[in-house]
Amino acid sequence: MEFGFFYHALMLVVDLLLIRSMLKHSPTTIRRGFALCVIGVACAVVLAIPELKYAAVGVFLHGGIFLAAACFLVFRQRIDGKRRWKLTLFLGGLASLALFIGIEGFLIEPTALTVKYYTIRSPKITKPVRIAFLADFQTDNIGDYERRTLELLKTQKADMILFGGDYIQARTKQHEEKLITDFRALYQELNITPPLGIYAVKGNQEVGTWIGWNALLHDLGIYQAQRTITLEHGDIRLTLLGLHDSFVPTQRRFSNPRNRFHIVVGHAPIFSLGKPNADLLLAGHTHGGQVQIPGFGPMITLAKGLPRRWASGKTTLPGGGTLIVSHGTGLERGRAPRIRLFCRPDFVVIDLLPEN
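Predicted, not measured: the structure shown is a model, and the values here were computed from it. Here the residue index of a chain counts from 1 through its sequence in written order. This being a predicted model, a pLDDT of at least 70 is required before a residue's local features are given, and a value of 80 or more before pairs of side-chain atoms are given or counted; all residues contribute to the totals for chains, interfaces and linings. By convention in this description, side-chain values take in all heavy atoms of the structure and omit both hydrogens and water.

### Brief notes about the environment of Phe-296
Heads up, the condition is: Segments assigned H or I by DSSP are reported as helices when at least four residues long, segments assigned E as strands when at least two residues long, and all are numbered from the N terminus. Think of it in three bands: with a 1.4 Å probe and only protein chains considered, a residue is buried below 20% of the maximum accessible area for its type, exposed above 50%, and partly exposed in between.
For Phe-296, the position within the fold is in the loop between strand S10 (292–293) and strand S11 (297–298). Relative accessible area serves as the criterion here: at 47%, Phe-296 is assigned to the partly exposed category. For the pair formed by Phe-296 and Gly-93, sequence separation is 203 residues and the distance between their alpha carbons is 22 Å.

What follows is the structure, given as structure tokens:
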């Protein structure tokens with residue numbers, strides 16, 4: 001049984017004990033209520049030391065419970081009515097915010113997978129082509145969510161599938177071996193075979209691994225781009241970037257005949273700053289920031305020099321061409337908080353259509 005189950009079970013006990021202590025005497029002091037809130041949050045962090053990724057969810061979820069109890073406690077105080085209502089509303093607002101972040105950010109959004117559809121018309125396209133682009137699968141466990149992701153990808157009936165790097169994130173060599181075995185078994189079971197093929201670029205999670213991404217995708221009918229290479233399929237010219245090239249805003253010269261629709265795929269979107277000669281640019285890496293602030297955008301992009309508004313979704317570039325950056329279907333693993341807020345996981349489907 002996972003540590004997370006025991007962690008939340010222990011924290012629920014702490015919640016009940018602290019709330020009981022808060023309400024034991026009627027009325028108790030506001031100071032005591034705040035002190036117990038601090039103790040509760042401290043417990044949420046200390047109990048998470050074996051797996052620090054649970055500390056953040058503990059602070060928001062269980063901290064929200066403590067704040068809600070403190071709000072009720074203040075409401076019962078025999079103090080000036082106006083002051084009591086101000087404190088009650090303030091604590092109630094904090095409690096609501098903490099619980100919203102805890103529930104939405106940690107329990108709902110990380111697995112609330114969406115598919116984003118885009119349509120691009122071009123005189124270079126003579127017959128419709130559907131492209132599916134999936135980036136940052138980035139998982140440390142092949143489970144129901146990962147199965148649902150690949151099943152949903154298969155149902156899109158894409159003509160071509162492109163993978164944008166960062167496939168698995170392992171803690172040890174043994175863990176990586178298990179992830180590779182489980183991923184391969186699932187992929188072979190689903191038998192995803194689009195008519196124009198599947199192509200994959202390398203992500204930074206594939207650097208410094210024990211076994212490597214060659215073993216993960218080998219013999220699955222997936223073309224792995226070990227370095228920057230350009231391929232052609234009918235109306236489409238496809239350039240797959242090596243990992244280094246995707247992080248460099250170079251003025252790289254891509255040969256692009258006027259009669260072919262040029263797609264450039266890289267792990268990180270920084271290459272788009274170099275104004276490559278392309279009609280469609282696809283990237284991942286940013287995870288959409290994982291946490292977005294409405295009206296502001298991603299808090300963190302991990303893409304140096306990239307405008308914040310380019311790090312998520314569709315952007316029409318100044319020099320021409322369309323950049324689409326996926327939020328990714330996974331998220332940062334290891335000891336990082338497993339949070340997504342206003343930034344649901346996704347993969348994208350692009351329908352390329354003739355202009356008329």
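### Side note on helix H6 (residues 173–190)
Put simply, the test is: One less than the residue count of a helix, multiplied by 1.5 Å, gives the span that helix is expected to have. Here the arc refers to the set of directions running from the helix axis out to each C-beta atom. Residues count as neighbours in contact if any of their non-hydrogen atoms are within 4.5 Å of one another.
For H6, with 18 residues, the first-to-last C-alpha span of 26 Å sits near the 26 Å given by 1.5 Å per residue. Along H6, the positions that sit buried rather than exposed are His-175, Glu-176, Leu-179, Ile-180, Phe-183, Arg-184, Leu-186, Tyr-187 and Leu-190. Angular distribution of buried residues about the axis of H6 spans 165 degrees; they occupy a single face of the element. Every exposed residue of H6 that faces more than 90 degrees away from the buried side is listed here: Gln-174, Thr-181 and Glu-189. Looking at the buried side of H6, the elements it contacts are helix H5 (144–155), strand S3 (160–163), strand S4 (198–200), helix H7 (213–217) and strand S5 (222–224). Within two residues after H6, Asn-191 carries a phi angle of roughly 55 degrees, on the positive side.

### Some details on the packing of H5 against H6
Our working rule: With axes taken as lines fitted to C-alpha atoms, and helix axes fitted only over the stretch in contact, angles between N-to-C directions fall between 0 and 180 degrees. Working rule for angles: under 35 degrees goes down as roughly parallel, over 145 as roughly antiparallel, 65 to 115 as roughly perpendicular, anything else as oblique. Crossings are assigned a handedness: left-handed for a near helix turned anticlockwise from the far helix by less than a right angle, right-handed for a clockwise turn. Ten residues, namely Ala, Val, Leu, Ile, Met, Phe, Trp, Tyr, Cys and Pro, are considered nonpolar, four, namely Asp, Glu, Lys and Arg, are considered charged, and the remaining ones, Gly among them, are considered polar.
Remark: H5 packs on H6, axes separated minimally by 11 Å, with the N-to-C direction vectors making an angle of 30 degrees. Classified by the angle between their axes, H5 and H6 sit roughly parallel to one another. Considering only the axes of H5 and H6, their crossing is right-handed. On the side of H5, the interface is formed by Glu-146, Arg-147, Leu-150, Glu-151 and Lys-154, while H6 contributes Phe-183, Leu-186, Tyr-187, Glu-189 and Leu-190. Its residues assigned to classes, the contact of H5 with H6 comprises five nonpolar, no polar and five charged.

### As for the pairing of strand S2 (residues 129–134)
In summary, the side chains of a regular strand alternate between the two faces of the sheet. This is how the line gets drawn: Between any two strands, pairing holds if DSSP finds at least two bridges.
Burial runs high along S2: five of the six residues are buried. Relative to strand S14 (residues 346–354), S2 is paired through five bridges, and the arrangement is antiparallel. Paired with Val-129 across the strands is Leu-352, a residue of S14. Relative to S3, S2 runs parallel, the two being bridged by four bridges.

### Section: the pairing of strand S8 (residues 261–265)
For S8, the tally of buried residues reaches five of five residues, placing the bulk of the element in the interior. Burial along S8 is two-sided: the residues Phe-261, Ile-263 and Val-265 and His-262 and Val-264 are all buried. Relative to S8, strand S7 (residues 236–240) is paired through five bridges, and the arrangement is parallel. From the neighbouring strand, Arg-237 faces S8, where its bridge partner is His-262. Two strands pair when backbone bridges link them, and S8 and strand S9 (residues 280–283) are joined in this way by three bridges, in the parallel orientation. When the sheet's bridge partners are listed, Val-265 is paired in S9 with Leu-282.

By themselves, these are just geometric observations and shouldn't be taken as functional.
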